[in-house]
Amino acid sequence: MSDDNTTRAGLYVLGLMNQSETDRLEADLAGDAELREEVVFWQSRFAPLAATIEPVAPPADLWTRIEQRVEGLQLARGSERQSAVAQMQDDMRSLERSRRWARGLAVGFGGLFAAATAAAVVFFLETTNLEVELAQRDAQIATYVAVLSDESNAPLLLLEARQDGSLRATPLGDLAAPDEQTLELWTLLDPAQGPISLGPLQAEAATFIPAAQLPGTEPNQLFEVSLEPPGGSPTGRPTGPVLMIGRGFVDPTPAGDS
Amino acid sequence: MSPRCQGDPSVKQKPDSRIDGYIERIAGGDRRALRSLYNETSAPLLGLAVRLMADRAEAENVLQDAFVTVWQGAQAFDARRETGWIWLITILRHTAYKRLRSRGREASFADPETSPETRNEETAAIDALVSRMDDDRLKHCLEALESEERRSILLAYLDGLSQSQIADRLMAPLASIRDWVRHGLESLRKCLS
(Lines give C-alpha, C1' and ligand atoms only; values in the text may rest on other atoms or scores of the structure.)
Protein backbone atom coordinates (compact mmCIF):
# COMPACT_ATOMS: atom_id res chain seq x y z
CA MET A 1 0.00 0.00 0.00
CA SER A 2 1.20 3.54 -0.65
CA ASP A 3 1.01 6.21 2.04
CA ASP A 4 -0.78 8.43 -0.43
CA ASN A 5 -3.55 5.86 -0.95
CA THR A 6 -3.81 5.22 2.78
CA THR A 7 -4.17 8.92 3.53
CA ARG A 8 -6.58 9.63 0.70
CA ALA A 9 -8.75 6.65 1.62
CA GLY A 10 -8.66 7.64 5.29
CA LEU A 11 -9.64 11.24 4.56
CA TYR A 12 -12.44 9.97 2.33
CA VAL A 13 -13.85 7.64 4.98
CA LEU A 14 -13.55 10.36 7.62
CA GLY A 15 -15.55 12.68 5.34
CA LEU A 16 -12.72 15.22 5.27
CA MET A 17 -12.61 15.68 1.50
CA ASN A 18 -14.40 18.46 -0.32
CA GLN A 19 -16.72 17.66 -3.22
CA SER A 20 -14.10 17.80 -5.98
CA GLU A 21 -11.64 15.65 -4.00
CA THR A 22 -14.45 13.19 -3.29
CA ASP A 23 -15.43 13.05 -6.97
CA ARG A 24 -11.82 12.49 -8.00
CA LEU A 25 -11.31 9.70 -5.49
CA GLU A 26 -14.57 7.99 -6.48
CA ALA A 27 -13.50 8.18 -10.11
CA ASP A 28 -10.09 6.67 -9.21
CA LEU A 29 -11.70 3.81 -7.27
CA ALA A 30 -12.88 2.19 -10.48
CA GLY A 31 -9.35 1.53 -11.73
CA ASP A 32 -7.33 1.29 -8.52
CA ALA A 33 -7.74 -1.94 -6.57
CA GLU A 34 -5.29 -0.87 -3.86
CA LEU A 35 -7.22 2.32 -3.24
CA ARG A 36 -10.46 0.30 -3.00
CA GLU A 37 -8.84 -1.99 -0.45
CA GLU A 38 -7.69 0.97 1.60
CA VAL A 39 -11.20 2.45 1.62
CA VAL A 40 -12.65 -0.88 2.76
CA PHE A 41 -9.88 -1.13 5.37
CA TRP A 42 -10.79 2.22 6.96
CA GLN A 43 -14.53 1.60 6.70
CA SER A 44 -14.11 -1.71 8.53
CA ARG A 45 -11.61 -0.54 11.11
CA PHE A 46 -13.54 2.59 12.11
CA ALA A 47 -16.87 0.75 12.28
CA PRO A 48 -16.50 -0.28 15.97
CA LEU A 49 -16.58 3.44 16.83
CA ALA A 50 -20.18 3.51 15.67
CA ALA A 51 -21.14 1.08 18.42
CA THR A 52 -20.12 3.67 21.03
CA ILE A 53 -22.95 5.98 19.99
CA GLU A 54 -26.23 5.76 21.88
CA PRO A 55 -29.12 4.56 19.71
CA VAL A 56 -31.96 7.03 19.09
CA ALA A 57 -35.52 5.79 18.71
CA PRO A 58 -36.91 6.78 15.31
CA PRO A 59 -40.36 8.42 15.23
CA ALA A 60 -43.24 6.12 14.37
CA ASP A 61 -43.85 7.74 10.98
CA LEU A 62 -40.29 7.41 9.70
CA TRP A 63 -40.84 3.88 8.46
CA THR A 64 -44.04 5.04 6.72
CA ARG A 65 -42.06 7.73 4.89
CA ILE A 66 -39.49 5.17 3.76
CA GLU A 67 -42.21 2.77 2.70
CA GLN A 68 -43.92 5.49 0.66
CA ARG A 69 -40.72 6.28 -1.18
CA VAL A 70 -40.04 2.61 -1.89
CA GLU A 71 -43.60 2.30 -3.16
CA GLY A 72 -43.05 5.39 -5.31
CA LEU A 73 -40.03 3.70 -6.89
CA GLN A 74 -42.05 0.58 -7.52
CA LEU A 75 -44.86 2.65 -9.00
CA ALA A 76 -42.41 4.34 -11.32
CA ARG A 77 -41.21 0.88 -12.21
CA GLY A 78 -44.78 -0.18 -12.79
CA SER A 79 -45.54 2.68 -15.17
CA GLU A 80 -44.11 0.61 -17.98
CA ARG A 81 -46.50 -2.18 -17.22
CA GLN A 82 -49.39 0.25 -16.98
CA SER A 83 -48.51 1.53 -20.45
CA ALA A 84 -48.55 -2.07 -21.61
CA VAL A 85 -51.96 -2.59 -20.04
CA ALA A 86 -53.28 0.57 -21.73
CA GLN A 87 -52.01 -0.78 -25.01
CA MET A 88 -53.73 -4.08 -24.22
CA GLN A 89 -56.98 -2.22 -23.73
CA ASP A 90 -56.56 -0.59 -27.14
CA ASP A 91 -55.94 -4.03 -28.58
CA MET A 92 -59.06 -5.39 -26.89
CA ARG A 93 -61.16 -2.60 -28.40
CA SER A 94 -59.73 -3.46 -31.77
CA LEU A 95 -60.50 -7.14 -31.20
CA GLU A 96 -64.02 -6.25 -30.08
CA ARG A 97 -64.50 -4.58 -33.45
CA SER A 98 -63.25 -7.79 -35.09
CA ARG A 99 -65.66 -9.82 -33.01
CA ARG A 100 -68.58 -7.65 -34.08
CA TRP A 101 -67.43 -8.09 -37.66
CA ALA A 102 -67.22 -11.89 -37.15
CA ARG A 103 -70.66 -11.98 -35.62
CA GLY A 104 -72.04 -10.00 -38.52
CA LEU A 105 -70.32 -12.39 -40.88
CA ALA A 106 -71.75 -15.39 -39.02
CA VAL A 107 -75.22 -13.93 -39.04
CA GLY A 108 -74.70 -13.29 -42.71
CA PHE A 109 -74.09 -17.01 -43.09
CA GLY A 110 -77.51 -17.41 -41.51
CA GLY A 111 -76.73 -20.00 -38.82
CA LEU A 112 -76.71 -19.66 -35.04
CA PHE A 113 -74.13 -22.44 -34.79
CA ALA A 114 -71.83 -20.61 -37.16
CA ALA A 115 -72.25 -17.40 -35.15
CA ALA A 116 -71.37 -19.16 -31.90
CA THR A 117 -68.37 -20.83 -33.49
CA ALA A 118 -67.07 -17.58 -34.97
CA ALA A 119 -67.47 -15.79 -31.65
CA ALA A 120 -65.67 -18.62 -29.83
CA VAL A 121 -62.81 -18.55 -32.32
CA VAL A 122 -62.43 -14.79 -31.92
CA PHE A 123 -62.58 -15.12 -28.14
CA PHE A 124 -59.90 -17.79 -28.25
CA LEU A 125 -57.73 -15.69 -30.51
CA GLU A 126 -58.29 -12.64 -28.34
CA THR A 127 -57.24 -14.46 -25.16
CA THR A 128 -54.28 -16.17 -26.75
CA ASN A 129 -53.07 -12.99 -28.43
CA LEU A 130 -53.29 -11.06 -25.20
CA GLU A 131 -51.43 -13.67 -23.22
CA VAL A 132 -48.71 -14.01 -25.80
CA GLU A 133 -48.35 -10.29 -26.20
CA LEU A 134 -48.32 -9.69 -22.46
CA ALA A 135 -45.59 -12.30 -22.07
CA GLN A 136 -43.63 -10.65 -24.87
CA ARG A 137 -44.02 -7.25 -23.28
CA ASP A 138 -42.98 -8.64 -19.90
CA ALA A 139 -39.87 -10.01 -21.51
CA GLN A 140 -39.17 -6.54 -22.90
CA ILE A 141 -39.61 -4.83 -19.53
CA ALA A 142 -36.28 -3.71 -18.21
CA THR A 143 -34.58 -4.90 -15.08
CA TYR A 144 -31.84 -2.24 -15.21
CA VAL A 145 -33.18 1.10 -14.10
CA ALA A 146 -32.10 4.47 -12.76
CA VAL A 147 -34.24 7.08 -11.07
CA LEU A 148 -32.87 10.60 -11.49
CA SER A 149 -33.81 13.05 -8.77
CA ASP A 150 -33.35 16.75 -8.21
CA GLU A 151 -31.70 18.34 -5.18
CA SER A 152 -34.76 17.78 -3.03
CA ASN A 153 -34.66 14.08 -3.92
CA ALA A 154 -37.86 14.34 -5.93
CA PRO A 155 -37.76 11.64 -8.64
CA LEU A 156 -38.05 13.31 -12.06
CA LEU A 157 -36.83 10.85 -14.64
CA LEU A 158 -37.00 7.08 -14.94
CA LEU A 159 -34.41 5.32 -17.11
CA GLU A 160 -34.99 1.73 -18.13
CA ALA A 161 -32.66 -0.39 -20.18
CA ARG A 162 -34.53 -2.67 -22.58
CA GLN A 163 -33.65 -6.13 -23.70
CA ASP A 164 -32.58 -4.86 -27.10
CA GLY A 165 -29.97 -2.72 -25.33
CA SER A 166 -31.78 0.57 -25.83
CA LEU A 167 -32.64 2.92 -22.98
CA ARG A 168 -35.99 4.51 -22.39
CA ALA A 169 -36.19 7.80 -20.44
CA THR A 170 -39.65 8.54 -19.03
CA PRO A 171 -40.42 11.88 -17.32
CA LEU A 172 -41.95 11.43 -13.87
CA GLY A 173 -42.60 15.12 -13.35
CA ASP A 174 -42.48 18.49 -15.07
CA LEU A 175 -39.30 18.54 -17.12
CA ALA A 176 -39.93 21.70 -19.13
CA ALA A 177 -36.61 23.47 -19.76
CA PRO A 178 -36.69 27.27 -19.39
CA ASP A 179 -36.24 29.65 -22.36
CA GLU A 180 -36.17 26.99 -25.03
CA GLN A 181 -33.03 25.50 -23.55
CA THR A 182 -32.34 21.79 -23.86
CA LEU A 183 -32.28 19.09 -21.23
CA GLU A 184 -29.43 16.77 -22.07
CA LEU A 185 -28.85 13.32 -20.61
CA TRP A 186 -25.33 12.16 -19.78
CA THR A 187 -23.72 9.06 -18.37
CA LEU A 188 -20.36 8.37 -16.84
CA LEU A 189 -19.15 4.81 -17.24
CA ASP A 190 -15.41 5.24 -17.57
CA PRO A 191 -14.04 8.21 -15.60
CA ALA A 192 -11.03 8.32 -17.91
CA GLN A 193 -13.36 8.87 -20.84
CA GLY A 194 -15.55 11.39 -19.03
CA PRO A 195 -19.28 11.96 -19.41
CA ILE A 196 -20.93 10.77 -22.62
CA SER A 197 -23.96 12.52 -24.05
CA LEU A 198 -27.03 10.37 -24.51
CA GLY A 199 -28.73 13.23 -26.32
CA PRO A 200 -31.52 15.69 -25.62
CA LEU A 201 -34.62 14.70 -23.66
CA GLN A 202 -38.20 15.29 -24.63
CA ALA A 203 -39.97 17.17 -21.84
CA GLU A 204 -43.37 15.54 -22.08
CA ALA A 205 -42.84 12.13 -23.63
CA ALA A 206 -40.51 9.19 -23.33
CA THR A 207 -37.19 9.46 -25.13
CA PHE A 208 -35.54 6.35 -26.55
CA ILE A 209 -31.77 6.16 -26.60
CA PRO A 210 -30.59 3.54 -29.10
CA ALA A 211 -28.22 0.81 -27.91
CA ALA A 212 -25.47 2.08 -30.21
CA GLN A 213 -25.38 5.36 -28.32
CA LEU A 214 -24.98 3.72 -24.92
CA PRO A 215 -21.49 2.89 -23.65
CA GLY A 216 -23.07 0.19 -21.46
CA THR A 217 -25.25 -0.20 -18.41
CA GLU A 218 -23.58 -1.19 -15.18
CA PRO A 219 -24.67 -1.12 -11.55
CA ASN A 220 -23.98 2.23 -9.89
CA GLN A 221 -23.37 3.90 -13.26
CA LEU A 222 -23.88 7.64 -12.98
CA PHE A 223 -26.57 9.41 -15.03
CA GLU A 224 -27.14 13.16 -15.04
CA VAL A 225 -29.33 15.68 -16.81
CA SER A 226 -27.87 19.12 -17.44
CA LEU A 227 -29.42 22.29 -18.78
CA GLU A 228 -27.83 23.18 -22.10
CA PRO A 229 -28.24 25.78 -24.86
CA PRO A 230 -30.93 25.07 -27.48
CA GLY A 231 -29.96 21.91 -29.37
CA GLY A 232 -27.60 20.60 -26.70
CA SER A 233 -24.12 21.13 -25.36
CA PRO A 234 -21.84 22.78 -27.93
CA THR A 235 -18.73 21.15 -26.44
CA GLY A 236 -19.66 17.49 -26.05
CA ARG A 237 -19.34 17.94 -22.28
CA PRO A 238 -21.96 19.26 -19.81
CA THR A 239 -21.77 23.06 -19.78
CA GLY A 240 -24.84 24.00 -17.73
CA PRO A 241 -26.08 23.19 -14.24
CA VAL A 242 -26.86 19.58 -13.38
CA LEU A 243 -30.58 19.44 -12.69
CA MET A 244 -30.96 15.82 -11.71
CA ILE A 245 -28.77 12.90 -10.97
CA GLY A 246 -29.10 9.17 -10.29
CA ARG A 247 -27.29 5.89 -10.49
CA GLY A 248 -28.27 2.75 -12.33
CA PHE A 249 -29.13 -0.45 -10.54
CA VAL A 250 -30.66 -3.78 -11.34
CA ASP A 251 -34.24 -3.57 -10.12
CA PRO A 252 -34.97 -6.59 -7.94
CA THR A 253 -38.72 -6.17 -8.35
CA PRO A 254 -40.24 -8.71 -10.72
CA ALA A 255 -42.28 -6.89 -13.36
CA GLY A 256 -45.46 -8.69 -12.33
CA ASP A 257 -45.32 -7.34 -8.77
CA SER A 258 -46.13 -3.80 -9.74
CA MET B 1 -34.94 2.70 20.20
CA SER B 2 -36.71 -0.17 18.54
CA PRO B 3 -37.99 -2.87 20.88
CA ARG B 4 -35.61 -5.40 19.40
CA CYS B 5 -32.66 -3.15 20.10
CA GLN B 6 -33.64 -2.09 23.58
CA GLY B 7 -31.58 -3.94 26.11
CA ASP B 8 -30.42 -6.40 23.52
CA PRO B 9 -26.73 -7.10 24.14
CA SER B 10 -26.32 -8.31 20.57
CA VAL B 11 -26.85 -4.80 19.25
CA LYS B 12 -23.35 -3.61 19.98
CA GLN B 13 -21.81 -6.51 18.12
CA LYS B 14 -24.45 -6.49 15.41
CA PRO B 15 -25.53 -9.98 14.45
CA ASP B 16 -23.99 -9.65 11.03
CA SER B 17 -25.19 -12.90 9.54
CA ARG B 18 -28.81 -11.90 10.19
CA ILE B 19 -28.24 -8.45 8.71
CA ASP B 20 -26.45 -9.99 5.72
CA GLY B 21 -29.45 -12.27 5.23
CA TYR B 22 -31.90 -9.36 5.24
CA ILE B 23 -29.84 -7.47 2.67
CA GLU B 24 -29.65 -10.51 0.42
CA ARG B 25 -33.43 -10.88 0.61
CA ILE B 26 -33.87 -7.17 -0.12
CA ALA B 27 -31.75 -7.68 -3.23
CA GLY B 28 -34.40 -10.17 -4.28
CA GLY B 29 -37.16 -7.57 -3.86
CA ASP B 30 -38.38 -8.66 -0.40
CA ARG B 31 -39.92 -5.61 1.28
CA ARG B 32 -40.58 -7.51 4.51
CA ALA B 33 -36.82 -8.00 4.80
CA LEU B 34 -36.39 -4.22 4.44
CA ARG B 35 -38.83 -3.78 7.32
CA SER B 36 -36.97 -6.34 9.43
CA LEU B 37 -33.67 -4.64 8.70
CA TYR B 38 -35.21 -1.29 9.65
CA ASN B 39 -36.60 -2.70 12.90
CA GLU B 40 -33.25 -4.10 13.82
CA THR B 41 -30.90 -1.28 12.81
CA SER B 42 -32.82 2.00 12.60
CA ALA B 43 -32.17 3.04 16.22
CA PRO B 44 -28.38 2.64 16.18
CA LEU B 45 -28.23 4.14 12.68
CA LEU B 46 -30.36 7.11 13.72
CA GLY B 47 -28.07 7.57 16.72
CA LEU B 48 -25.14 7.84 14.33
CA ALA B 49 -27.02 10.19 12.02
CA VAL B 50 -28.07 12.49 14.88
CA ARG B 51 -24.48 12.69 16.00
CA LEU B 52 -23.20 13.40 12.48
CA MET B 53 -25.85 15.93 11.52
CA ALA B 54 -26.34 17.58 14.94
CA ASP B 55 -29.93 18.07 13.84
CA ARG B 56 -32.69 15.59 14.58
CA ALA B 57 -34.88 16.36 11.55
CA GLU B 58 -31.91 16.25 9.18
CA ALA B 59 -30.79 12.99 10.76
CA GLU B 60 -34.19 11.45 10.09
CA ASN B 61 -33.94 12.55 6.46
CA VAL B 62 -30.51 10.93 6.25
CA LEU B 63 -31.87 7.68 7.67
CA GLN B 64 -34.76 7.80 5.22
CA ASP B 65 -32.45 8.37 2.24
CA ALA B 66 -30.13 5.63 3.47
CA PHE B 67 -32.88 3.01 3.61
CA VAL B 68 -34.10 3.97 0.14
CA THR B 69 -30.50 3.54 -1.05
CA VAL B 70 -30.41 0.14 0.65
CA TRP B 71 -33.55 -0.85 -1.25
CA GLN B 72 -32.15 0.40 -4.55
CA GLY B 73 -28.62 -0.88 -4.11
CA ALA B 74 -28.88 -4.11 -2.14
CA GLN B 75 -27.67 -6.07 -5.14
CA ALA B 76 -24.33 -4.29 -4.90
CA PHE B 77 -23.74 -5.73 -1.42
CA ASP B 78 -21.03 -8.36 -1.38
CA ALA B 79 -20.85 -10.32 1.88
CA ARG B 80 -17.40 -11.59 0.91
CA ARG B 81 -15.96 -8.08 1.06
CA GLU B 82 -17.69 -6.58 4.07
CA THR B 83 -20.35 -7.27 6.65
CA GLY B 84 -23.86 -6.00 6.21
CA TRP B 85 -23.50 -3.77 9.25
CA ILE B 86 -20.40 -2.06 7.84
CA TRP B 87 -22.16 -1.71 4.49
CA LEU B 88 -25.10 -0.02 6.24
CA ILE B 89 -22.87 2.35 8.21
CA THR B 90 -21.03 3.25 5.01
CA ILE B 91 -24.29 4.07 3.22
CA LEU B 92 -25.53 6.13 6.15
CA ARG B 93 -22.28 8.08 6.46
CA HIS B 94 -22.08 8.64 2.71
CA THR B 95 -25.64 10.00 2.73
CA ALA B 96 -24.89 12.20 5.74
CA TYR B 97 -21.72 13.66 4.21
CA LYS B 98 -23.55 14.40 0.98
CA ARG B 99 -26.10 16.44 2.92
CA LEU B 100 -23.45 18.07 5.11
CA ARG B 101 -21.52 19.18 2.04
CA SER B 102 -24.63 20.46 0.28
CA ARG B 103 -25.76 22.54 3.25
CA GLY B 104 -22.28 23.99 3.70
CA ARG B 105 -20.67 22.64 6.79
CA GLU B 106 -18.84 25.85 7.61
CA ALA B 107 -22.05 27.79 8.04
CA SER B 108 -23.74 25.09 10.04
CA PHE B 109 -21.11 24.68 12.67
CA ALA B 110 -22.00 25.13 16.28
CA ASP B 111 -22.92 28.16 18.17
CA PRO B 112 -20.04 30.66 17.91
CA GLU B 113 -20.81 31.75 21.44
CA THR B 114 -19.89 28.36 22.85
CA SER B 115 -17.32 29.05 25.50
CA PRO B 116 -13.81 27.58 25.28
CA GLU B 117 -14.54 25.65 28.48
CA THR B 118 -17.58 24.00 26.93
CA ARG B 119 -15.61 23.13 23.81
CA ASN B 120 -12.91 21.58 25.95
CA GLU B 121 -15.49 19.52 27.81
CA GLU B 122 -17.12 18.37 24.58
CA THR B 123 -13.76 17.41 23.17
CA ALA B 124 -12.70 15.53 26.28
CA ALA B 125 -16.00 13.63 26.20
CA ILE B 126 -15.04 12.12 22.87
CA ASP B 127 -12.04 10.45 24.53
CA ALA B 128 -14.44 8.77 26.91
CA LEU B 129 -16.13 7.08 23.94
CA VAL B 130 -12.86 5.39 23.03
CA SER B 131 -12.65 3.83 26.48
CA ARG B 132 -16.12 2.30 25.92
CA MET B 133 -15.11 0.56 22.72
CA ASP B 134 -15.35 -3.20 22.39
CA ASP B 135 -12.60 -3.44 19.79
CA ASP B 136 -9.42 -3.70 21.86
CA ARG B 137 -7.08 -3.35 18.90
CA LEU B 138 -8.60 -0.11 17.64
CA LYS B 139 -8.88 1.16 21.20
CA HIS B 140 -5.20 0.49 21.83
CA CYS B 141 -4.15 2.12 18.55
CA LEU B 142 -6.33 5.19 19.09
CA GLU B 143 -5.07 5.62 22.62
CA ALA B 144 -1.50 5.39 21.34
CA LEU B 145 -2.02 8.49 19.15
CA GLU B 146 -1.23 12.00 20.30
CA SER B 147 -4.43 13.38 21.83
CA GLU B 148 -4.79 16.07 19.13
CA GLU B 149 -4.45 13.44 16.40
CA ARG B 150 -6.97 11.15 18.07
CA ARG B 151 -9.47 13.93 18.71
CA SER B 152 -9.18 15.29 15.17
CA ILE B 153 -9.95 11.85 13.74
CA LEU B 154 -12.80 11.17 16.15
CA LEU B 155 -14.41 14.58 15.63
CA ALA B 156 -14.41 13.88 11.90
CA TYR B 157 -15.69 10.32 12.10
CA LEU B 158 -18.23 10.65 14.89
CA ASP B 159 -19.35 14.28 14.67
CA GLY B 160 -19.04 14.81 10.91
CA LEU B 161 -16.89 17.92 11.38
CA SER B 162 -14.85 19.37 8.54
CA GLN B 163 -11.18 20.24 9.06
CA SER B 164 -11.96 23.91 9.64
CA GLN B 165 -14.68 22.99 12.11
CA ILE B 166 -12.23 20.74 13.93
CA ALA B 167 -9.78 23.67 13.99
CA ASP B 168 -12.51 25.77 15.58
CA ARG B 169 -13.40 23.08 18.10
CA LEU B 170 -9.80 22.38 19.09
CA MET B 171 -8.94 26.09 18.88
CA ALA B 172 -5.94 25.30 16.67
CA PRO B 173 -4.75 26.48 13.23
CA LEU B 174 -6.21 24.67 10.23
CA ALA B 175 -2.73 23.65 9.06
CA SER B 176 -2.17 21.85 12.35
CA ILE B 177 -5.42 19.91 11.95
CA ARG B 178 -4.34 18.78 8.48
CA ASP B 179 -1.02 17.56 9.86
CA TRP B 180 -2.62 15.84 12.85
CA VAL B 181 -5.18 14.00 10.73
CA ARG B 182 -2.62 12.83 8.18
CA HIS B 183 -0.06 11.81 10.75
CA GLY B 184 -2.77 10.18 12.86
CA LEU B 185 -3.98 8.14 9.89
CA GLU B 186 -0.46 6.98 9.05
CA SER B 187 0.21 5.94 12.66
CA LEU B 188 -3.14 4.19 12.93
CA ARG B 189 -2.54 2.31 9.69
CA LYS B 190 0.81 1.00 10.96
CA CYS B 191 -0.61 0.08 14.35
CA LEU B 192 -3.65 -1.70 12.86
CA SER B 193 -1.75 -3.62 10.19
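Our subject is the structure that appears above.
About the criteria used
Residues numbered from 1 in each chain as written. Chains lettered and ligands numbered in written order. Predicted model: local features only at pLDDT ≥ 70, side-chain atom pairs only at ≥ 80, totals over all residues. Helix = DSSP H or I, 4+ residues; strand = E, 2+ residues; numbered from the N terminus. Expected span 1.5 Å × (residues − 1). Buried ≥ 20, exposed ≤ 12 C-beta atoms within 10 Å, placed from the backbone. Pairing = 2+ DSSP bridges. Axes fitted to C-alpha atoms, helices over the stretch in contact; angles between N-to-C directions. Parallel < 35°, antiparallel > 145°, perpendicular 65-115°, else oblique. Contact = placed C-beta atoms within 7 Å. Nonpolar A, V, L, I, M, F, W, Y, C, P; charged D, E, K, R; others polar. Arc of directions from axis to C-beta.

Peer 1: Is there a simple way to think about helix α4 (residues 56-73) of chain B in this case?
Peer 2: The periodicity of an α-helix, 3.6 residues per turn, causes residues three or four positions apart to be oriented the same way. Along its 18 residues, α4 of chain B runs 25 Å from first to last C-alpha, staying within 8% of the 26 Å computed at 1.5 Å per residue. Those residues of α4 of chain B that sit buried are Ala-59, Glu-60, Val-62, Leu-63, Gln-64, Asp-65, Ala-66, Phe-67, Val-68, Val-70, Trp-71 and Gln-72 of chain B.

Peer 1: Help me out: how do you make sense of the sheet that holds strand β7 (residues 222-228) of chain A in this one?
Peer 2: As a general point, the strands of a sheet are linked pairwise by backbone hydrogen bonds and lie either parallel or antiparallel. Residues and elements named next belong to chain A. Overall, antiparallel pairing links the 8 strands, which are arranged β5-β4-β7-β8-β1-β2-β3-β6 in an open sheet. The outermost strands of the open sheet, each flanked by one partner alone, are β5 (196-200) and β6 (207-209). Within the sheet, the average angular offset between the axes of one strand and its neighbour, ignoring direction, is 25°. Judged from the 5 bridges that link them, strand β1 (residues 144-149) and strand β2 (residues 155-161) form a sheet pairing that is antiparallel. By the bridge assignment, Val-145 is partnered in β2 with Glu-160.

Peer 1: Help me out: how do you make sense of the packing of helix α9 (residues 147-159) of chain B against helix α11 (residues 174-192) of chain B in this one?
Peer 2: Think of two packed helices as two axes; the pair is described by the angle between the axes and how far apart they sit. Residue and element names in this part refer to chain B. Where α9 meets α11, the axes come as close as 8 Å, and the angle between the chain directions of the two elements is 95°. With respect to α11, the element α9 is oriented roughly perpendicular. Along the contact surface, α9 presents Glu-148, Glu-149, Arg-150, Ser-152 and Ile-153, while α11 presents Ile-177, Trp-180, Val-181, His-183, Gly-184 and Ser-187. Looking at side-chain class alone, the contact of α9 with α11 contains 4 nonpolar, 4 polar and 3 charged residues.

Peer 1: Quick question: what am I supposed to make of α11 of chain B here?
Peer 2: Here α11 of chain B spans 27 Å end to end across 19 residues, near enough to the 27 Å set by a 1.5 Å rise per residue. Within α11 of chain B the residues assigned to the buried category are Ile-177, Trp-180, Val-181, Gly-184, Leu-185, Leu-188 and Arg-189 of chain B. Down the axis of α11 of chain B, the buried set is contained in an arc of 155°. They therefore lie on one face. With respect to the buried face of α11 of chain B, the exposed residues turned more than 90 degrees away are Ala-175 and Lys-190 of chain B. Check the buried side of α11 of chain B and you find it contacts α1 (3-13) of chain A together with α8 (136-143), α9 and α10 (163-170) of chain B.

Fair warning: the whole summary comes from geometry, so function is off the table for now.
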